[in-house]
Amino acid sequence: MSVRELTKVNCYHCGDPCVEDHRVHDDKDFCCQGCEVVYDLLNEAGLCDYYALESKPGVKQRNSVDEQRTELFDLAEVRERIVEFSESGITRVRFHVPQMHCSSCIWLLENLHRMEPGILRSRVSFSNKEVSITFREERLPLGQLVKLMRRIGYGPQLTASAPKTGQVPRMLYIRLGVAGFIFGNTMMFSFPEYLGSNTEAGLRTGFQWLTILFSLPVVFFLSTDFFRSAWAGIRSRTVNIDQPIALGIVALWTRSLWEVATDHGPGYFDSLAGLLFFLLIGRWYQAYTYRALRFDRALEDFLPLVVLRRTADGEVPVKVADLVPGDRIVVRDQELVPVDAMLRDGTGHIDNSFITGEPLPTRKEVGDTVKAGGRQRGAAIELEVLRTFADSRLKRLWAEQASVQDRPAMPKLIDQVARRFTIAVLLIAAGAALYWWGKDPALVWPVVTAVLIVACPCALALSMPFAYGHTIRLMGKKGLFLRDAEVVERMAHVDTVVFDKTGTLTAREAHEVRWHGQDLTIEQQALVQALSRNSTHPLSAVLTQELRNNGTTTDTDQRSRSVDALRRHTGNLITDVHETAGAGIQGTMHPHAVRIGSAAFCGGTEADRSNGEAHVHVTIDGVWLGHFAIRKRARTGIAHAVEQLRMHTRVALLTGDAQVDAELADAFKDATVRTHCSPVDKTHAIVHEQQSGHRVLMVGDGLNDAGALSQSDVGITVTETTAALTPASDAIMDAQAVTRLPEFLRLARRSRRIVLASLGISLCYNLVGVSFAVAGELTPLFAAILMPLSSVSVVGFVTVAVGLAAKKVK
């Protein structure tokens, strides 16, 4: 018999003991054929880094009849529930995968494309135990994808309905009710012990055995979640919060059984029942708190996305939350489709890279359905709303981009503290046991149990999500919507704010628009307006509004006739629209080719812009006709906001204009101001600041600034009359809230200080509680009462503190 056979070994893949079907392959031990096959599969795909992230991270293969029925996933009603997108051979599905349990699981599931070429990308939502997979269905049918998932041990679970994130589990209420019932009855049976009465010995013994009977559901029903979590940590060789609790429960129960069985005493069954009752109250409070922290539940109330809705009076900007089925909306070049809709006018060239990761546009004709998250590339289209924004997956798609982008990671202080917390508690409990074993052995188990129970990092786990969650909600009410809680932490570290000018610091409405060049005919004005309405650029919006209202003539009667003619002409269809970031937009209205934009883009002559004007040049059929000179005033209060920012933060201004008007020049006096910036120049400027050791927040309009927004530590897109959501942005800000940016940054910094203060409160509680427990002054029952009270105190402190800090945001 070999040494390997004499020694107990665990499976290299899943960590289970290798017993009956022990296999040795590639000099590694496996408990079954399934684990060996999965290892070979990962090895062939070059994915063995999976085992380096966690020890024994794999999931053991389970064979069942239901799992072989992959044809269930091809049923129409099943596909409708799990398929989020399916066009042009590309399909996106969302699976519920309850087997994922560690960082290795996440890594493997997000690298499925290395195992199967038909998979384009996959993204994991660990908190929901879900994975979204985008794949080419002609190369990998859905049934084959399900088989692949099962081969590697992550078979998707097909349930009657999707799991409801954030709900308090019904079983928790059942356990809480059972725990209260047992706690009350156990205390009643223990009254003779409390009162010290001379109860008949037989009756006292009967009560003691009744408490043992009542303790069975306490240990084998009420405590199962703690035991499962503790065992999962042991299997993955990690330390978690439930291990000391599970150890305390076992220690208290076995000690009580020994006392009753040997007639040494009544045991601590009343304390055990009370312990579980208050532990479950703490679990309920934590679950209820996290349910309250589902800040995306009211996304439509906060997200300042705006779209153009067509009415009898024209096009009116409205919030996407106000859209109802049947509304007609206009989506222009580079704009996102915010809701599921049907194309009613125009030709769609929909870029679904936001959904699938594939940038190739898909052609859509009238009557075709367009999914929320698609981006129009080309001339404006008209859509009919099919579903409300509340039913849209846009927020989920945006949130997934956070795991795609390479962002600077902020230190996670709470994670570092919690990682060492449990180890410290176990060492303290062991030390206390040794001390009391030599002084008073009868107190060993109560002291050890009290230490294990009272030292709970629940408050540590609640402080950051609760503080930052409240901050997200309060900022949202003031006009700044953040993608996730991590953005608050990054905002707190920002020391440099970089602004774009046009559309960010300047108001949408023009102060003055003048035409310089040969007179434009009504038809030419109609061509320019028809093209400019397809662009989301702030200058295009000004031009469209000016031509619609006034035209280029100064005679009142002729202006009225011009406006009427323009409205008739702009009904014509413009095609082959293409917008070049930082340059301009071009298109064709048969048979005329039209360009508007910079002088270089239109082949015109650059004019003097020393007074801070913006110029939009016009070329029709290859002939440069002149330019519009647009003077825009800064938003009200911008100068004061920049002055406030400069008190604690470095500021900079990047603009494509040649000059900055006097008001903004005064506000950015002695600050970094760069003109003639292309989108690439802006990105390089952000990189330079970061290489100098600065944490940069970029505020831009989303289109020309996408590269800079993506590169910055925090990217904020300003939106006013456009669906400007972009994967590059960490936040979306209502244009009217730009002047509140100094208050938003102060609130983020205060929120971080509040988190640190709540950590201090939690650690002080633990130090005091553990000190009393080690000294033998704290019973296990009282320790269990203190656990939820500590969470309540931290949550109460955070709520009040963040609320007071938010009141300073005007």
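(A) Region of interest: the pattern of salt bridges. Overall, the coordinates contain 17 salt bridges when judged by the stated rule. Put simply, R92 and E84 hold a salt bridge, and the shortest N to O gap is 2.7 Å. Here R92 and E84 have matching classes, each one buried.

(B) The arrangement of the environment of A261 in detail. As for its position among the elements, A261 is in helix 11 (residues 242–261). In the structure, A261 is positioned 52 residues away from W209 in sequence and 9.3 Å away in space, judged by C-alpha atoms.

(C) Representation of the packing of aromatic side chains in the model. Applying the stated rule across the entire model yields 6 aromatic pairs. Consider the rings of F220 and W253, whose centres lie 5.6 Å apart with planes at 90 degrees: the pair is edge-to-face. On the criterion of sequence distance, the pair formed by F220 in helix 9 (residues 201–222) and W253 in helix 11 is long-range, its members being 33 residues apart. In this structure F220 comes out as exposed when scored by relative accessible area, which is 56%.

(D) Looking closely at the side chain of T224. On the secondary structure map, T224 appears in helix 10 (residues 224–235). Among residues more than four places away in sequence, those in contact with T224 are R175 and V219.

(E) Expanded view of helix 28 (residues 741–774). In this model, helix 28 (34 residues) spans 49 Å end to end at C-alpha, consistent with the 50 Å of a helix rising 1.5 Å per residue. Just downstream of helix 28 lies G776, where phi reads positive at about 80 degrees.

(F) Main features of the confidence of the model for the protein chain. Taken residue by residue, the protein chain gives an average pLDDT of 76. The fraction at 70 or more is 75%. Counting interchain partners and residues more than four positions distant, the pLDDT-below-50 stretch residues 61–68 has 12 contacts.

(G) A look at the pairing of strand 20 (residues 584–589). Pairing of strand 19 (residues 575–580) with strand 20, which is carried by 4 bridges, proceeds in the antiparallel orientation. When the bridges of strand 20 are listed, T580 appears paired with G584. Linkage of strand 19 to strand 20, two consecutive antiparallel strands, is achieved through a turn of 3 residues, within which G582 is found at a positive phi near 80 degrees. What sits between strand 20 and strand 21 (residues 592–597) in their antiparallel hairpin is a turn of 2 residues.

(H) Structural context of the packing of helix 20 (residues 522–532) against helix 21 (residues 538–549). Two numbers describe how helix 20 lies on helix 21: the axes approach to 9 Å, and their chain directions differ by 140 degrees. The angle between helix 20 and helix 21 falls in the class oblique. Judged by the twist between their axes, the crossing of helix 20 over helix 21 is left-handed. Judged by residue contacts, Q525, V528, Q529 and S532 of helix 20 engage S540, L543, T544, L547 and R548 from helix 21. Per-class residue counts for the contact of helix 20 with helix 21 are 3 nonpolar, 5 polar and 1 charged.

(I) Quick peek at the sheet that holds strand 26 (residues 696–700). Read across the open sheet, the 7 strands follow the order 16-28-27-26-17-24-25; overall the sheet is mixed. Every other strand in the sheet has two partners, leaving strand 16 (480–482) and strand 25 (672–674) as the edge strands with one partner each. Going from strand to strand, the sheet's axes swing by 20 degrees on average, the running direction of each strand aside. Strand direction decides the pairing type here: strand 17 (residues 496–500) and strand 24 (residues 650–654), joined by 5 bridges, are parallel. What sits directly across from V497, in strand 24, is V651. Together, strand 17, strand 24, strand 25 and strand 26 form the strand contacts of helix 26 (residues 679–691), whose direction differs from that of strand 26 by roughly 160 degrees.

(J) Region of interest: the nonpolar core. If you look at the biggest cluster of nonpolar residues, it comprises 50 residues, and the most contacted ones within it are M491, L697 and L741. Every residue in contact with L741, bar those within four places of it in the chain, is listed here: V497, F499, L645, L697, V699, I716 and M733.

(K) Molecular detail of unusual backbone geometry. Its identity as a non-glycine residue notwithstanding, D670 has a phi of 70 degrees, on the positive side. Mapping D670 onto the fold places it in the loop between helix 25 (662–667) and strand 25.

(L) Summary view of the sheet that holds strand 22 (residues 614–620). Pairing is antiparallel in the open sheet, where 6 strands are placed in the order 18-23-22-21-20-19. Edge positions in the open sheet fall to strand 18 (512–517) and strand 19, since each of these has one partner strand only. Adjacent strand axes in the sheet meet at a mean angle of 15 degrees, parallel and antiparallel pairs treated alike. The pairing of strand 21 with strand 22 spans 4 bridges and is antiparallel. Each bridged residue has a counterpart across the sheet, and for I596 the counterpart in strand 22 is V618. Running at roughly 95 degrees to strand 23 (residues 623–631), helix 21 makes contact with strand 18, strand 21, strand 22 and strand 23 of the sheet.

Reading the values: the criteria
Residues numbered from 1 in each chain as written. Predicted model: local features only at pLDDT ≥ 70, side-chain atom pairs only at ≥ 80, totals over all residues. Heavy atoms only, no water. Salt bridge = Lys/Arg side-chain N within 4 Å of Asp/Glu carboxyl O. Buried < 20%, exposed > 50% of the residue type's maximum accessible area, 1.4 Å probe, protein only. Helix = DSSP H or I, 4+ residues; strand = E, 2+ residues; numbered from the N terminus. Phe/Tyr/Trp six-rings, centres within 6.5 Å; stacked < 30°, edge-to-face > 60°. Contact = heavy atoms within 4.5 Å. Expected span 1.5 Å × (residues − 1). pLDDT = per-residue confidence, 0-100. Pairing = 2+ DSSP bridges. Axes fitted to C-alpha atoms, helices over the stretch in contact; angles between N-to-C directions. Parallel < 35°, antiparallel > 145°, perpendicular 65-115°, else oblique. Left-handed = near helix turned anticlockwise from the far one by under 90°. Nonpolar A, V, L, I, M, F, W, Y, C, P; charged D, E, K, R; others polar. Core = buried A, V, L, I, M, F, W, Y, C linked by side-chain atoms within 4.5 Å.

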